[in-house]
Amino acid sequence: MSAIAQIRRLLGIDTRQKDYAYSRDPNFGHISTSRVADKWTKTTCGYCSVGCGMLVGTKDGKAVAVRGNPDHPVNLGKLCPKGLSEHHILDSPGRARLPMLRKDGVLTPVSWDEALDTLVEKFTGIQKKYGHGSLGVVGTGQLLTEEYYTLGKLVQLGFRTPNNDGNTTLCMASAVSGYKLSFGSDGPPGSYEDMEHADVILLVGSNIADNHPILCQRLERNRQRNPNRSLIVVDPRVTKTAMMADLHLPVKPRSDIALLNGIAHILIRDGLVDATYIAEHTTGFEEFRNFVAEFTPEHVAKITGLSVDVITGTAIQYGRAKAAFIGWTMGVNHSSQGAVTVAAINNLALLTGNIGRIGAAPFSITGQCNAMGTREFGFCSSLPGYRKYEDAEHREELAAIWGVDVDRIPTKRGMAYPDIIEAAVAGKIKALWFIATNPVVSFPNYKLLEQALRNVEFLVVQDGFFPTPTSDFAHLVLPAAIWGEKEGTYTNSERRASKVNRIVTPPGKARPDFEIFLDIASRLGVKDELYPGWTSTRDAYLEMQTVSKGRMCDYSLFTWEEIEANGGIQWGGDRLYKDGVFPTKDGRAILHCVPCEPFSEQPNAEYDLVLNTGRTVEHWHTRTKTQQVAMLDSMVPSAWLEMNPQDAARMKLKPHDKVTVVSRRSRVSGLELRITGIIAPGQVFMPFHFAETNSNLVTLGAFDPISREPNFKQCAVRVERSAPN
């Protein structure tokens, strides 16, 4: 079934037609049927973390169509608009095709030899002058797991810098840290299947209808199976997901901790806890019970803006459920209190024994297609196979596998992404290497980032697209292959490792990241030592199997071929912690006392509104991909600002006015105003995808002290009418 037929089927329109590929003119008009796919290749979508299986049709070596794989267990043939048009990014005009080196201030095409010789010369020269740690590297959840593993070895064992992190710190670090706080290790305990079997589904700061739309089919299947199930959505904004809910809880910004503690208070007060589970599988209950005693429904109502009846009713529904599921995404993670908020969510699951059973889980829904893979093997917050930097035994195990001196392995994590940027501002990081990420649009507090990029002596941007706002600052640009041009694996939100296959040849001189890393290793003189005999990503996977054997994320149990044949395989099985034993010192999960603190930048007379940011279903992150797809860009070509009618009337603004958002840091102009009850009084919302109206010009440079994830969601702003052009 073609992409057009897929859309028709989703809309309930007759799909009895030939399997034509399609393309559209710039005006989104005529559908061409001149190209028909003669080959279909299985692969996995390269956008979000849902991990949809798909078939890509090719003709004469070019990708001409995409359709969902009906046999894949994640999506059963369905795809969102981004997936349905994903093949268009492979030959888009915005692709990076040649290495570019800045000469006399201008990025100039050069050979790969000159590009990589220069990279190694500059990086090692800077390190010789300032120390190994003067190099900072930021990777991405867009890489294959095999590539991220290869990069980690190159950075930490080759270049000998511990300062290696990923852009996943901007989205998933708080989930990782929260899991570690509660359970002793990272790893989502449940599966997508739980969304179909839960009696109560509580979504906190999770707009899956826009961010992970294929997961909405799970909610619908649950409703068909169990008409009495309850979907509760906690979100300050009336999102598309909130519109689907049986109950929407429009909490005040950053009051979710108070709500979670208040639910825990009622569960304990009303005897809706699993006393046996608490006694046998947790620690810290008495202290926790005393702590949440002050979070009475009346107290929580004042903080959240919800009524006592709504708070009490929500707690009773959750506590009485035979199986209760809590899911969350960036509304929780994007906070300077994100890690402990995740721990507060985990508290509810532990109090009621809603973990390790079908339909029962605290479940983080990941951001990028392979953010989970970077967590397993990426050398960022942990060593490969979920080993700890601080554990001498773990370091010795890896040193023996790699055949290196154990002193080569760092004894603690290096700088996290935000700390790398701040160190560049301070002059401690002198060289930066960004891989498949666009921080000029995605990083908070743009002015700080700009200072960092201008401060460093050598900046490398390795990306599949050129130009990007970040490559404008680069001294060297390396053109990389992207999804559809290389082979390996991704791991999705439910710990399912899925196969990614090569569909077409990279454009121009672009090369897979894996090949770039090995070529750099050769020039650095460490290839034979770190990658003996390696020629492909399959070699990296075979070593990953050895590294992870016997660990929680054990890849030794399945091959590439088995992954592909089964539509992906979940490490750890369908659910973690079925036996109630956790990877902590005493085998018990930990209940955490989480104080409720106001967000750091409160509104005042000058900056009287709270800004919230988020995604729209048509676009992906900073639009380096989706702006190249005419169908998607035509749907949503520019950003907007949502404002409540009360605030608009007070400011004498009307729909479609052009407005400017101003914070203490900067301003964003030219936003179209949408006046709507979707957003509460005192708050405004804008999408974060658009470089032209970059929300991160105004966002706050505040970070979670545990996870180092940015607080993208709340900062104080005012709104002004934009000056006429």
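Criteria and thresholds
- The residue numbering used here restarts from 1 in each chain and proceeds along that chain's sequence as written.
- Owing to the predicted nature of the model, reporting of local features is limited to residues with pLDDT of at least 70; listing and counting of side-chain atom pairs is limited to 80 or more, with chain, interface and lining totals taken over all residues.
- Excluding hydrogens and water, the side-chain values take into account all heavy atoms of the structure.
- Secondary structure is summarised from DSSP: a helix means a run of H or I of at least four residues, a strand means a run of E of at least two, and numbering begins at the N terminus for each.
- Put simply, the radius of gyration uses C-alpha atoms, and a globule should come to 2.2 Å times the residue count raised to 0.38.
- Categorising residues by exposure relies on relative accessible area from a 1.4 Å probe, with only protein chains included: less than 20% of the type maximum marks a residue as buried, more than 50% marks it as exposed, and the intermediate range marks it as partly exposed.
- Two residues qualify as a contact provided that any one of their heavy atoms is within 4.5 Å of a heavy atom in the partner residue.
- Charge counting treats Lys and Arg as positive and Asp and Glu as negative, with His and both chain ends excluded.
- By convention, the point assigned to a charge is CZ for Arg, NZ for Lys, CD for Glu and CG for Asp.
- In this analysis, rings of Phe, Tyr and Trp, with Trp reduced to its six-membered ring, are considered paired at centre separations within 6.5 Å, and the interplanar angle assigns stacked below 30 degrees, edge-to-face beyond 60, and tilted for intermediate values.
- Charges are assigned to positions over rings by a cutoff of 6 Å between ring centre and Lys NZ or Arg CZ, combined with an angular limit of 35 degrees from the ring normal.
- Axis definition: a line fit to C-alpha positions, over the contact stretch in the case of helices; interaxial angles, taken between N-to-C directions, run 0 to 180 degrees.
- Note on terminology: angles under 35 degrees are roughly parallel, angles over 145 are roughly antiparallel, angles of 65 to 115 are roughly perpendicular, and the others are oblique.
- Each crossing is labelled by how the near helix is turned from the far one, with a counterclockwise turn of less than a right angle marking it left-handed and a clockwise turn marking it right-handed.
- Gly is put with the polar residues, along with every residue not named as nonpolar or charged; the nonpolar set is Ala, Val, Leu, Ile, Met, Phe, Trp, Tyr, Cys and Pro, and the charged set is Asp, Glu, Lys and Arg.
- Strand pairing requires that DSSP identify at least two bridges connecting the strands.
- In protein, a polar contact means a hydrogen-donor-capable atom and an acceptor-capable atom, both N or O and within 3.5 Å, with residues adjacent in sequence counting only if both atoms are side-chain atoms; elsewhere, any N or O pair within 3.5 Å suffices.
- The crossover handedness rule: strands pointing away from the viewer, path from first strand over the helix to second strand clockwise, crossover right-handed.

Trainee: What's the story with the overall build of the protein in this structure? I'm lost.
Mentor: Counting its secondary structure elements, the protein contains 27 helices and 26 strands. Whereas a compact globule of 725 residues would reach a radius of gyration of roughly 27 Å, the protein reaches 25 Å, a difference of no more than 12%. A principal-axis box enclosing the C-alpha atoms of the protein has dimensions of 70 × 65 × 60 Å. Taking all 725 residues of the protein together, the buried fraction comes to 64%. Considering only contacts in the protein between residues 6 or more positions apart, those separated by 24 or more positions represent 73%. Within the protein, one finds 80 positive and 79 negative side-chain charges whose respective centroids are separated by 4 Å.

Trainee: What is the right way to read the packing of aromatic side chains from this model?
Mentor: Describing an aromatic ring pair means giving the distance of the ring centres and the angle of the ring planes. Per the stated rule, a full pass over the model turns up 27 aromatic pairs. With centroids separated by 5.8 Å and ring planes inclined at 55 degrees, the aromatic side chains of Y179 and W328 adopt a geometry described as tilted. A residue pair is termed long-range when its members are at least 10 positions apart, and Y179 in helix α5 (residues 173-183) and W328 in strand β12 (residues 324-328) qualify at 149 residues. You'll find Y179 and W328 in the same group, each marked buried. Taken together, a centroid distance of 6.0 Å and an interplanar angle of 75 degrees make the contact between W433 and F517 edge-to-face. Residue W433 is found in strand β14 (residues 431-435), and its partner F517 is found in helix α22 (residues 513-524); the two are separated by 84 residues along the sequence. Under the relative-accessibility criterion, W433 is labelled buried at 0%. On the basis of relative accessible area, F517 is assigned to the buried category, the value being 0%. Clustering of aromatic rings is evident, with ring pairs tying together Y149, F377, F379, W402, F514, Y531, W534, Y541, Y555, F558 and W560. The cationic tip of R95 hangs over the ring face of F465; the distance from NZ or CZ to the ring centre is 5.6 Å.

Trainee: Is there a simple way to think about unusual backbone geometry in this case?
Mentor: What is expected of a backbone is that most residues other than glycine have negative phi and most peptide bonds are trans. Residues F466 and P467 are joined by a peptide bond in cis, for which omega reads -5 degrees. Note that P467 resides in the loop between β15 (458-463) and β16 (476-479). Residues other than glycine seldom take positive phi values, yet H621 does so here, at roughly 45 degrees. Looking at the element boundaries, H621 is found in the loop between β21 (609-614) and α26 (630-635).

Trainee: What is the right way to read the packing of helix α10 (residues 256-269) against helix α12 (residues 285-292) from this model?
Mentor: When two helices pack together, you describe them by how their axes are tilted relative to each other and by the distance separating the axes. The geometry of α10 relative to α12 is characterised by a closest axis approach of 9 Å and an angle of 110 degrees between their N-to-C directions. Judged on the interaxial angle alone, α12 and α10 are roughly perpendicular. At the point where α10 passes α12, the crossing takes the left-handed sense. When α10 is examined against α12, the residues N261, A264, H265 and I268 are found in contact with a partner set consisting of F285, F288, R289, F291 and V292. Classifying every residue of the contact of α10 with α12 gives 6 nonpolar, 2 polar and 1 charged.

Trainee: Before we go on, may I ask you to explain the sheet that holds strand β24 (residues 667-675) in this structure?
Mentor: Whenever strands of a sheet pair, they do so through backbone hydrogen bonds, lying parallel or antiparallel. Reading around the circumference, β21-β25-β22-β24-β23-β26 is the order of the 6 strands in this closed barrel, with mixed pairing throughout. When the angles between neighbouring strand axes are averaged without regard to direction, this sheet yields 45 degrees. Bridge analysis of strand β22 (residues 640-643) against strand β25 (residues 683-687) gives 2 bridges, and the strand direction is antiparallel. Each bridged residue has a counterpart across the sheet, and for M643 the counterpart in β25 is V684.

Trainee: Help me out: how do you make sense of the side chain of R496 in this one?
Mentor: Along the chain, the position of R496 falls in strand β18 (residues 496-500). A distance of 2.9 Å separates polar atoms of two side chains, one belonging to R496 and the other to E494. Residues in contact with R496, not counting those within four places in the same chain, are H72, P73, V74, Y490, T491, G567, G568, I569 and Q570.

Trainee: For this particular structure, what's the right way to read the pairing of strand β8 (residues 200-204)?
Mentor: The side chains of a regular strand alternate between both faces of the sheet. Where burial is concerned, most of β8 is hidden: 5 out of the 5 residues are buried. Neither face of β8 is open: one carries V200, L202 and V204, the other I201 and L203, and all of them are buried. Where β8 and β12 come together, 5 bridges link them in parallel fashion. Within the sheet, the bridge partner assigned to L203 lies in β12 and is G327.

Trainee: How should the pairing of strand β6 (residues 135-139) be read in this particular structure?
Mentor: Where burial is concerned, most of β6 is hidden: 5 out of the 5 residues are buried. Alternating positions in β6 separate into two faces, L135, V137 and G139 on one and G136 and V138 on the other, with burial throughout. As judged from the 4 bridges shared by β6 and β14, these two strands associate in the parallel manner. Residue L135 lies in a different strand from β14, and its bridge partner there is A431. Here β6 runs beside strand β7 (residues 164-166); their pairing, made up of 3 bridges, is parallel. From the neighbouring strand, V137 faces β7, where its bridge partner is N164. As a crossover connection, the stretch from β6 through helix α4 (residues 145-158) into β7 is right-handed.

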